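Here is what each chain is made of, one letter per residue.
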Amino acid sequence: MCRWAAYTGAPIFLEEIISRPGHSLIHQSHGATQCHSAINADGFGVAWYGQRPEPGLYRDVLPAWSDPNLRSLTAQVQSHLFLAHVRASTGTATSRNNCHPFTHGVWSFMHNGQVGGYDSFRRDADMMIPDVLYPQRKGATDSEALFLVALAEGLDHDPRVALERAAARFIRLAREKGTAPHLRLTAALSDGKNLYAVRYATDDAAPSLYHRWSESRGGMAVVSEPLEAEEGGWIEVPASSFCTFDGETVLLEEFMPCRLAAVA
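Now for a description of the structure that goes with this document. (Residues numbered from 1 in each chain as written. Predicted model: local features only at pLDDT ≥ 70, side-chain atom pairs only at ≥ 80, totals over all residues. Heavy atoms only, no water.)

Side note on the packing of aromatic side chains
In this description, an aromatic ring pair is defined by two values, namely the gap between the centres and the angle between the planes. Within this structure, the stated rule accounts for eight aromatic pairs. Plain terms: the ring middles of phenylalanine 242 and phenylalanine 255 are 6.3 Å apart, the flat faces sit at 20 degrees to each other, and that makes the pair stacked. Here phenylalanine 255 lies in the loop between strand E13 (249-254) and helix H7 (257-261) and phenylalanine 242 lies in strand E12 (residues 241-246), a separation of 13 residues in the sequence. In this pair, the class of phenylalanine 242 matches that of phenylalanine 255, namely buried. Ring-pair connections join several aromatic residues into one group, and the members of that group are Trp107, Tyr196, Tyr200, Phe242 and Phe255. (Phe/Tyr/Trp six-rings, centres within 6.5 Å; stacked < 30°, edge-to-face > 60°. Helix = DSSP H or I, 4+ residues; strand = E, 2+ residues; numbered from the N terminus. Buried < 20%, exposed > 50% of the residue type's maximum accessible area, 1.4 Å probe, protein only.)

The following block contains the structure:
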């Protein structure tokens, strides 16, 4: 399992989320407390939005805690919306192309979780990616494949429905050819204007997800684990939820791809 953090609001230095808090994302990369693996050392990545519609992207295979370039970048770059991820591989190689976030056009996407038995039907999953998007398939992860299928399902028009449809297709494959749990999913995605997040699982073990509005920063943090142990105000996202973040407001909608997966 991986750890991730996202932010939307008034522009801040990336380090305010990624490296400065007591339980920052870098700290979580070697000391996570709410996942099966405390160590997330199989690479990291940051996608951030600035003056252009497309996000900037920095990824590498080093553990996040050992890359001085990451600390330098986060201390200098400001953004009103960014996604950051530290990776613990569930089977695919440690390579830059397998590090999150993944981007396409204005979209960025990162994922924590698993598709049960994915190695046994990787080719089938790739076949769900249409020809027009397949050149964007750079790595071998289930996460990147899910992102590209969601784009094909209409991410530009309705992010919740598109991701729900894509997740349903993966659940069907896992049921037919894989193993349980068929899908565990917490993901963040953005088009540079809006930040979305989802928490879902086909069993009762949906990965952890929280959000908190900060008056001092003027923004919303969405995280796998709270950034400060003693800091109050963190709200757990319910399982089977799709969130849209708009200032202090969080719109919660039901996210139930299992209903679609049942319709073969």
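Regarding the nonpolar core
When a protein is soluble and globular, its nonpolar side chains tend to lie buried together. Counting residues in each nonpolar core, the largest one holds 38 residues, and the members touching the most others are Phe109, Leu155, Leu163, Phe170 and Phe255. Those elements that provide at least two residues to this core are strand E6 (107-115), helix H5 (142-152), helix H6 (159-177), strand E7 (183-190) and strand E8 (195-201). Tallying contributions element by element places H6 first for this core, with nine residues. Membership of the second largest hydrophobic core comes to 23 residues, among which are Ile17, Val46, Leu70 and Phe82. (Core = buried A, V, L, I, M, F, W, Y, C linked by side-chain atoms within 4.5 Å.)

A look at the pattern of salt bridges
For the coordinates displayed, the defined rule picks out 14 salt bridges. In this structure, arginine 96 engages aspartate 60 in a salt bridge whose closest nitrogen and oxygen atoms are separated by 3.1 Å. With a gap of 36 residues between them, arginine 96 in the loop between strand E4 (78-86) and strand E5 (102-104) and aspartate 60 in strand E3 (residues 56-60) connect regions that are remote in the sequence. (Salt bridge = Lys/Arg side-chain N within 4 Å of Asp/Glu carboxyl O.)

Observations regarding unusual backbone geometry
That bond from histidine 100 to proline 101 is cis: its omega, -5 degrees, falls within 30 degrees of zero. Here proline 101 is to be found in the loop between E4 and E5. With an omega dihedral of 0 degrees, the bond running from alanine 180 to proline 181 counts as a cis peptide bond. Relative to the helices and strands, proline 181 resides in the loop between H6 and E7. In this structure, serine 240 takes a positive phi of about 60 degrees despite not being glycine. When you line up the elements, serine 240 lands in the loop between strand E11 (235-236) and E12. Judged by relative accessible area, serine 240 falls into the partly exposed class, the value being 21%.

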